[in-house]
Amino acid sequence: MVKLRVQALHVHPVKSVAGTAPDEVAVEPWGLSGDRRWAVVDAEGAVITQRQQPRLALARARPLGGGGFEVSAPGMADLTVEVPGRGPLEPVMLFGKKIETVPAARAAADWFSAYLGVPAHLVHLDDPAVRRPVDPQYALPGETVSLADGYPLLITTLASLDALNALIAQGGHPEEGPLPMNRFRPNVVVSGAEAWAEDGWERLAIGDAVFRGARECGRCIVTTTDQTTALRGKEPLQTLARHRRIGKSLAFGRQLVPVRLGTLRVGDEVRVLA
């Protein structure tokens, strides 16, 4: 019997910006260490993502010690961003809900404003333990999340991507496939599973960490954005709408919440417990 293994890990320090693929990373209650603790915000205080600014895909954030990061992008000088000190909190809006954050230094605002061509600044989620609960419809008491869309981790499988690409090849826009996994911006990518097996994962162990499967991951327009060019197409949403509609979601991947903390490593066995 083929064992399930962690094929890749991904950490995105800044929401909607490209990140890194470490060989190992610690699991915190609100997600992988350093994942999506920063976000770009517009002049009205709303978080900017690739939904509004596809060019964010072409920027890349590399984690540094202490929670900071170095950001690079085409045509821009690299910038080092440090975690801001204690100061006044700034409320920002993410999916219609207010979250208290801490503004980063002015240099970060200038950098992202120049890169995106619109007024923007950067904020840091200083304390996920108290700032943002998981959607109560799918959460257990006390569960919290970083600035990820809604849940601490997203897990996907290579077999499901292969199955999706096969469906795209048979559909209305075969010229757009095959799609790479980075379209879906997962935290954990698993090999050895059957296609769509993750739909049924209610509880699983990876290394010494344990997770519960909260729900399927409903996909949005970001998945149609080529992460190397920032250009948009029709896929995978058209194919997901035909073949992977679960309730109101166009589903690919599964949302996870940590139950027991630990460290994840590439090559770890993934054990489905329920």
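A.B. asks: For this particular structure, what's the right way to read the environment of Pro74?
C.D. replies: One can find Pro74 in the loop between β7 (69-73) and β8 (76-81). Distance from Pro74 to Val92, taken between C-alpha atoms, is 27 Å for residues 18 residues apart in sequence.

A.B. asks: Explain unusual backbone geometry here, please?
C.D. replies: A negative phi angle characterises most non-glycine residues, just as the trans form characterises most peptide bonds. That bond from Gly177 to Pro178 is cis: its omega, -10°, falls within 30 degrees of zero. Residue position: Pro178 is located in the loop between α3 (158-170) and β13 (188-191). Cis rather than trans, the peptide bond between Glu235 and Pro236 has omega equal to 15°. Turning to its location among the elements, Pro236 is positioned in the loop between β15 (209-218) and α4 (237-243). With a phi close to 55°, Phe95 is a non-glycine residue in the positive phi region. Phi at Arg185 is positive, roughly 45°, even though this residue is not glycine. With respect to the element layout, Arg185 can be found in the loop between α3 and β13. Residue class for Arg185 comes out buried when judged on its relative accessible area of 10%.

A.B. asks: Can you walk me through α3 in this structure?
C.D. replies: Structural remark: α-helix, 3.6 residues per turn; residues separated by three or four positions point the same way. Between the first and last C-alpha of α3 there are 19 Å, a value that for 13 residues agrees with the 18 Å anticipated at 1.5 Å per step. Residues of α3 that are buried include every one of Ser160, Leu161, Ala163, Leu164, Asn165 and Ile168, and no others. Among the structural elements, β12 (153-157), α4 and β17 (249-260) are those in contact with the buried residues of α3.

A.B. asks: Looking at this structure, how should I read the sheet that holds β7?
C.D. replies: Backbone-to-backbone hydrogen bonds join strands into a sheet, with any given pair of strands oriented parallel or antiparallel. Ordered by their spatial adjacency, 3 strands build an open sheet running β6-β7-β8, and the pairing between neighbours is antiparallel. Since the sheet does not close on itself, it has two edges, and those belong to β6 (60-63) and β8, each with one partner. The average angle at which neighbouring strand axes cross in this sheet is 20°, direction not considered. Sheet topology note: the β6/β7 ladder contains 4 bridges and is antiparallel.

A.B. asks: Is there a simple way to explain the packing of aromatic side chains in this structure?
C.D. replies: By convention here, two paired aromatic rings are described through the distance between centres and the angle between planes. Applying the stated criterion to the full structure yields 6 aromatic pairs. Note on Trp111 and Phe112: the rings are 4.9 Å apart at their centroids and 70° apart in plane angle, and the pair reads as edge-to-face. Across the pair, Phe112 and Trp111 agree in class, each one buried. When the ring of Phe184 is compared with that of Phe252, the centres are 4.1 Å apart and the planes differ by 25°; the resulting orientation is stacked. Of the two residues, Phe184 is situated in the loop between α3 and β13 and Phe252 in strand β17; the sequence distance between them amounts to 68 residues. Of the two residues, Phe184 and Phe252, neither departs from the other in class, the shared state being buried. Chaining the aromatic ring pairs together yields one cluster made of Trp111, Phe112 and Tyr115. Of note, Arg244 hangs over the ring of Trp196, and the distance from its end group to the ring centre comes to 4.0 Å.

A.B. asks: Explain the sheet that holds strand β9 (residues 90-94) to me, please; I cannot follow it from the model alone.
C.D. replies: With respect to topology, 5 strands assemble into an open sheet ordered β5-β4-β11-β10-β9, the strand pairing being antiparallel. In this open sheet, the two strands that pair with only one neighbour each are β5 (47-48) and β9. Where strand β4 (residues 38-42) meets β5, 2 bridges bridge the pair, whose relative direction is antiparallel. Paired with Val41 across the two strands is Val47, which belongs to β5.

A.B. asks: Would you mind showing me how to read the environment of Glu216 here?
C.D. replies: Relative to the elements of secondary structure, Glu216 occurs in strand β15. Given the relative accessible area of 15%, Glu216 is considered buried. Expressed as a C-alpha distance, the spacing of Glu216 and Gln255, which sit 39 residues apart in the sequence, is 5.9 Å. Not counting residues up to four positions away in its chain, the partners in contact with Glu216 are Ile246, Ser249, Ala251, Gly253, Arg254 and Gln255. Engagement of the side chain of Glu216 in a polar contact is seen with the side chain of Ser249, the distance being 3.2 Å.

Criteria and cut-off values
Residues numbered from 1 in each chain as written. Predicted model: local features only at pLDDT ≥ 70, side-chain atom pairs only at ≥ 80, totals over all residues. Heavy atoms only, no water. Helix = DSSP H or I, 4+ residues; strand = E, 2+ residues; numbered from the N terminus. Buried < 20%, exposed > 50% of the residue type's maximum accessible area, 1.4 Å probe, protein only. Expected span 1.5 Å × (residues − 1). Contact = heavy atoms within 4.5 Å. Pairing = 2+ DSSP bridges. Axes fitted to C-alpha atoms, helices over the stretch in contact; angles between N-to-C directions. Phe/Tyr/Trp six-rings, centres within 6.5 Å; stacked < 30°, edge-to-face > 60°. Lys NZ or Arg CZ within 6 Å of the ring centre and 35° of its normal. Polar contact = N/O pair within 3.5 Å; in protein donor to acceptor, adjacent residues only side chain to side chain.

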